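Chain by chain, the residues run as shown.
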Amino acid sequence: MKRLDTRDADFETAFTALLDSREEQGQEVNKPVADILSAVRREGDAALCALTERFDNLAVTPQTLAFTPDEVAQARAQVSQDLLDALDVAARRIEDFHRKQLPADIRYTDDVGMTLGMRWIPLDAAGLYVPGGKAAYPSSVLMNAIPAKVAGVQRLAMCVPTPSGVINPLVLAAADRAGITEIYRVGGAQAVGAMAYGTQTIRPVDRIVGPGNAYVAEAKRQVFGHVGIDSIAGPSDVVVIADSGSDPRVIALDLLAQAEHDELAQSTLITPDAAFADTVIEAVEKELGVLSRAAIAGASWARNGAVLITRDMREAVELANRLAPEHLELMVDDPEALFAHVRHAGAAFLGRFCPEAVGDYVGGPNHVLPTSRTARFASGLSVHDFMKRTTFLSGGPDALRRIGPSAVALAHAEGLEAHALSVSARLDALAAKTANA
Ligand SMILES: NC(=O)c1ccc[n+]([C@@H]2O[C@H](COP(=O)([O-])OP(=O)(O)OC[C@H]3O[C@@H](n4cnc5c(N)ncnc54)[C@H](O)[C@@H]3O)[C@@H](O)[C@H]2O)c1
Ligand SMILES: N[C@H](CO)Cc1c[nH]c[nH+]1
Ligand SMILES: [Zn+2]
């Protein structure tokens, strides 16, 4: 863990190193991921099965890659009613929020008489990656699938790793709740490769979405262009801006809630109060003594944890903007005042009683969010990720007479004769018709 004070002479150097550190960690997986993707592209199911045996310790055949409807029903039957109810609370709230994102088409007739517009069309097929290496993520099943359903995607294919063949039944219950019927027991870069290029068993999709570890995130980056992707939603990160009005233990737990996802996760506290910072650091160490996932959380905190002490809250927000976190918690009395200055964050959590973990499960907005500073240019998963736009133009002779000559002039200026003729031939025909009338 790094403890930095903006008043220190070497702060800027240390902070720049912090900004670069996770990108550098991500680069370690470029080559292994490229090898996995090319094996899946070349050999299809054979590579998929061999890689699943190697990385997930699971012997599969093309016939057993998919979960059967019976397996899904049996898994659902193992889940308690309380958990199914909790799943339902989450699903309803996620659906309500995402329904509000449905975009409206555009259609209007302009002053030259052309009708112009833009139509939103759902994707034909989406691939949903649900992580499953170090933890089970039924919540990510809902976060992936519900916006896709709301958008109207016809085919959803879900991939989830099952280390040593074990799957948390709630994952399959969540898939069932979301109406997913095509579920494969594959994970990592090989799952992304299968959904991108297709194999004998898994048909390719048009866009791959969902969170995952560094291998999954890098695989999505590498297949982008062949298929669409949502964003780089890799190992989680959080920035917590807090003052001493919060219980240090609660802030420590918020930091550890991200750290426990992955050794590569990153948790950062920013506060103007140095004494408070030190109490939170102590509380983190204390909680690490009792947390069940202390090995992962402790490794993440040691490797990527950071505590930044600022001159004031405005400086705290400026540093948060530079970190462009996946999650930003504003644990202060007047969070809206700080939020007004936030420019880069995947999702913001405003107020002492709105922890990020609520957003992970039941808040409503999506928890699949851009990581590793990509919130500078990317956003969380939404209904829009499952749709694309087709613009349209419709015009008759009058409109062509009015704007056609400008098109002809510009086509000549670009040296594109066929373009110019395509328009002028029509204009000539119209002129001849008028002359003959
Ligand atoms: N950003 C988000 O929106 C978001 C949401 C939820 C979870 N997450 C992140 O998802 C990740 C989940 O990670 P996970 O590991 O639990 O599950 P995962 O499913 O993402 O990864 C497991 C797979 O990684 C592959 N893998 C592991 N080690 C490998 C190696 N050495 N070489 C090649 N492949 C290897 C295996 O194929 C395995 O099936 C965490 O980093 C968590 O922070 C992010
Ligand atoms: N915090 C993760 C997003 O980065 C999502 C998640 C799912 N379950 C628990 N947490
Ligand atoms: Zn989480």
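Here the structure is a predicted model, which is why all the values come from computation and not from measurement.

Thresholds, definitions, all that
- Per-chain numbering applies: the sequence of each chain, read as written, is numbered from 1 onward.
- As a convention, the first chain written is A and the first ligand written is 1, with the rest following in written order.
- pLDDT decides what is reported in this predicted model: residues at 70 or higher carry local features, side-chain atom pairs at 80 or more are listed and counted, and totals for whole chains, interfaces and linings draw on all residues regardless.
- To obtain the side-chain values, all non-hydrogen atoms of the structure were used and water was disregarded.
- Strand pairing is defined by DSSP finding a minimum of two bridges between the two strands.
- By definition, any uninterrupted DSSP run of H or I lasting at least four residues is a helix, any uninterrupted run of E lasting at least two residues is a strand, and each is numbered from the N terminus.
- Axis lines are fitted to C-alpha atoms, over the contacting stretch for helices. Their N-to-C directions set the angle, which ranges from 0 to 180 degrees.
- UniProt positions are given in the numbering used here, feature names are shortened, and annotations may be inferred rather than shown by experiment.
- Type-normalised accessible area, obtained with a 1.4 Å probe on protein chains alone, sets the label of each residue: buried when under 20%, exposed when over 50%, and partly exposed for intermediate values.
- Residue contacts are defined here by distance: any two heavy atoms, one from each residue, within 4.5 Å place the two residues in contact.
- Coordination here is defined by N, O and S atoms within 2.8 Å of the metal (3.2 Å for Na, K and Ca), and since water is not considered, a site can look incomplete.
- Square planar and octahedral assignments, for four and six donors respectively, both demand that opposite donors be over 155 degrees apart and that all other angles lie between 65 and 115; tetrahedral needs four donors with all angles between 85 and 135 degrees, and anything else is irregular.
- Expected helix span is given by 1.5 Å per residue-to-residue step, counting one fewer step than there are residues.
- Summary of the distance rule: residues count as near a molecule or strand when at least one heavy atom falls within 4 Å of that molecule or strand.
- Here a polar contact is recorded for every N or O atom pair within 3.5 Å, except that within protein the pair must consist of a potential hydrogen donor and a potential acceptor, and residues adjacent in sequence are included only if both atoms are side-chain atoms.
- Only Asp, Glu, Lys and Arg are considered charged in this grouping, and only Ala, Val, Leu, Ile, Met, Phe, Trp, Tyr, Cys and Pro are considered nonpolar; every other residue, Gly among them, is considered polar.

A.B. asks: Which residues make up the sheet that holds strand S2 (residues 106–109), and what values do they have?
C.D. replies: Strand pairs in the sheet, formed through backbone hydrogen bonds, run parallel or antiparallel to each other. Strand order in this open sheet of 3 strands is S2-S3-S14, and the pairing throughout is antiparallel. Two strands in the sheet have a free side with no partner beyond their single neighbour: S2 and strand S14 (387–394). Neighbouring strand axes in the sheet, compared pairwise and without regard to direction, differ in orientation by 15° on average. Here strand S3 (residues 115–122) pairs with S14 via 8 bridges, running antiparallel. Bridging across to S14, Pro122 finds its partner in Met387.

A.B. asks: How would you sum up the UniProt feature "binding site: substrate" (unreviewed entry) in the chain? Please name residues and give values.
C.D. replies: Taking the UniProt record as the reference, the feature "binding site: substrate" (unreviewed entry) is found at Ser236, Gln258, His261, His327, Asp360, Glu414 and His419. The named residues occupy 184 residues along the chain; their greatest pairwise C-alpha distance, 55.3 Å, places them well apart from one another. Structurally, Gln258 is set in helix H10 (residues 248–259). Of the residues examined, Gln258 reaches a relative accessible area of 1% and is grouped as buried. Not counting the four nearest positions on each side in its chain, Gln258 is found in contact with Ser236, Asp237, Val238, Ala265, Ser267, His327, Glu356 and Asp360. Mapping Glu414 onto the fold places it in the loop between helix H16 (397–413) and helix H17 (417–436). Among the residues examined, Glu414 registers a relative accessible area of 60% and is labelled exposed.

A.B. asks: Give a description of the pairing of strand S11 (residues 306–309) that names residues and reports values.
C.D. replies: Of the two faces of S11, the one holding Ala306 and Leu308 and the one holding Val307 and Ile309 are both buried throughout. The pairing of strand S1 (residues 2–5) with S11 spans 4 bridges and is classified as parallel. Looking at the pairing, Lys2 lines up with Ala306 of S11. Taken together, the 4 bridges between strand S10 (residues 266–271) and S11 define a ladder with parallel strand orientation. When the bridges of S11 are listed, Thr271 appears paired with Ile309.

A.B. asks: Can you break down the coordination of the zinc ion (ligand 3) residue by residue, with the values?
C.D. replies: Within the protein, the atoms that donate to the zinc ion (ligand 3) are His261 (NE2) and Asp360 (OD), at distances of 2.1 to 2.3 Å. Considering all 4 donor atoms around the zinc ion (ligand 3), the spread of angles at the metal, 82 to 176°, places the coordination shape in the irregular class. Here the residue His261 occupies a position in the loop between H10 and S10, and Asp360 occupies one in helix H15 (residues 356–361), the gap between them amounting to 99 residues. The class of Asp360 is buried, set by a relative accessible area of 12%.

A.B. asks: Break down helix H6 (residues 138–151) for me, citing the residues and quoting the values.
C.D. replies: Over its 14 residues, H6 runs 20 Å from end to end, which matches the ideal 20 Å to within 8%, given 1.5 Å per residue. Here H6 lies mainly inside the structure; 13 of its 14 residues are buried. Just past H6, the residue Gly152 takes up positive phi, approximately 100°.

A.B. asks: If you had to explain the site of ligand 2 to someone new, which residues and values would you point to?
C.D. replies: The local shell around ligand 2 consists of Tyr137, Ser139, Ser236, Gln258, His261, Glu326, His327, Glu356, Asp360, Tyr361 and His367. With respect to ligand 2, the side chain of Ser139 contributes an N or O atom lying 3.4 Å from a nitrogen atom. Contact distances for ligand 2 include 3.1 Å between a nitrogen atom and a side-chain N or O atom of His261. Residue composition of the shell around ligand 2, by class: 2 nonpolar, 6 polar and 3 charged.

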